[in-house]
Amino acid sequence: MINEINLRAPYEVTFARQSGTFRFTTRQGRQYTVGFVEETMLPYAGIYQFFIRAENHTQNDDDMFATVVSILEVYFEAGALAPTYICDIRDNRQAARSRLFNRWFARYPFNHIYSFLNKSIIVEETEYFIAALVRKDEPLHVRVVSEFISMIKILESEDKSDL
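Here the structure is a predicted model, which is why all the values come from computation and not from measurement. (Residues numbered from 1 in each chain as written. Predicted model: local features only at pLDDT ≥ 70, side-chain atom pairs only at ≥ 80, totals over all residues. Heavy atoms only, no water.)

Draft legend 1. Main features of unusual backbone geometry. The phi torsion at E124 lies on the positive side, around 50°, for a residue other than glycine. Locating E124 in the fold gives a position in the loop between strand 6 (114-123) and strand 7 (126-135). Residue class for E124 comes out exposed when judged on its relative accessible area of 60%. In this structure, E125 is a non-glycine residue whose phi angle is positive, near 70°. (Helix = DSSP H or I, 4+ residues; strand = E, 2+ residues; numbered from the N terminus. Buried < 20%, exposed > 50% of the residue type's maximum accessible area, 1.4 Å probe, protein only.)

Here is the structure:
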């Protein structure tokens, strides 16, 4: 998998076996960690929460976008059903991360082969931005999309029931 990613990615990507994450450093010295965690709220194998973590702060560049896309593409090709994405809330910049992710998807040349679902929800007074990508030719496409929408409704209703 790592060899295929590096054939496509502008930045060299390494795989950290201990954490199960992918890592790369941009020309500006920004270090990124990309990983996948099994999604437990959706009832299908092969659905993962996808995350990107920046180790230090500099401006994003196009090669960073292309490297992340390479990782996602190879992950899909290796049999992942669908990645979900929840924007990191630690520094209250989740809205900016969501906008960036939406811009990336709009620029992605093959975005027409995916269903891209995104939603912001408020849980315990914190706004979360959640997205899912599902290939339209995936046999479980309709069911996965339906389950994702149901999951969002459950999360929204649980927060309202706490009021």
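Structure's up, so let's keep going.
Draft legend 2. Seen up close, the pattern of salt bridges. One pass over the structure, following the stated rule, counts eight salt bridges. Notably, a salt bridge pairs R53 with E55, separated by 3.6 Å at the nearest N-O pair. Looking at R53, the relative accessible area reads 31%, which means it is partly exposed. Taking the relative accessible area as the measure of exposure, E55 reaches 44% and is therefore partly exposed. (Salt bridge = Lys/Arg side-chain N within 4 Å of Asp/Glu carboxyl O.)

Draft legend 3. Seen up close, the sheet that holds strand 4 (residues 47-54). Spatially, the seven strands line up as an open sheet ordered 1-2-3-4-5-7-6, and their pairing is mixed. Edge strands, defined here as strands with exactly one partner in the open sheet, are strand 1 (14-16) and strand 6. The average undirected angle you get between the axes of adjacent strands in this sheet is 25°. Packing of helix 3 (residues 94-107) onto the sheet brings it into contact with strand 4, strand 5 (82-86), strand 6 and strand 7, and relative to strand 7 it is tilted by some 20°. (Pairing = 2+ DSSP bridges. Axes fitted to C-alpha atoms, helices over the stretch in contact; angles between N-to-C directions. Contact = heavy atoms within 4.5 Å.)

Draft legend 4. Spotlight on the pairing of strand 2 (residues 21-25). As paired strands, strand 1 and strand 2 are joined by three bridges and run antiparallel to one another. The residue of strand 2 that forms the bridge with F15 is F22. From the end of strand 1 to the start of strand 2, which pair antiparallel, there are four residues, and G20 there has a positive phi angle of about 70°. Sheet analysis places strand 2 next to strand 3 (residues 31-38), joined by four bridges and oriented antiparallel. Bridge pairing links F24 to Y32 in strand 3.

Draft legend 5. Molecular detail of the packing of aromatic side chains. Scanning the entire structure with this criterion turns up 12 aromatic pairs. Taking the centre distance of 6.0 Å and the plane angle of 10° together, the rings of Y11 and F24 count as stacked. Taken together, the positions of Y11 in the loop between helix 1 (2-8) and strand 1 and F24 in strand 2 put the pair 13 residues apart, joining distant regions of the chain. Given a relative accessible area of 2%, F24 falls into the buried group. (Phe/Tyr/Trp six-rings, centres within 6.5 Å; stacked < 30°, edge-to-face > 60°.)

Draft legend 6. Broad picture of helix 3. With 14 residues, helix 3 should reach 20 Å at 1.5 Å per residue; the first-to-last C-alpha distance of 20 Å fits that figure. Of the residues making up helix 3, those classed as buried are Q94, S98, L100, F101, W104 and F105. The buried side chains of helix 3 occupy one side of the element, clustering within an arc of 160° when seen end-on. Those residues of helix 3 that are buried lie in contact with strand 4, helix 2 (62-77), strand 5, strand 6 and strand 7. (Expected span 1.5 Å × (residues − 1). Arc of directions from axis to C-beta.)

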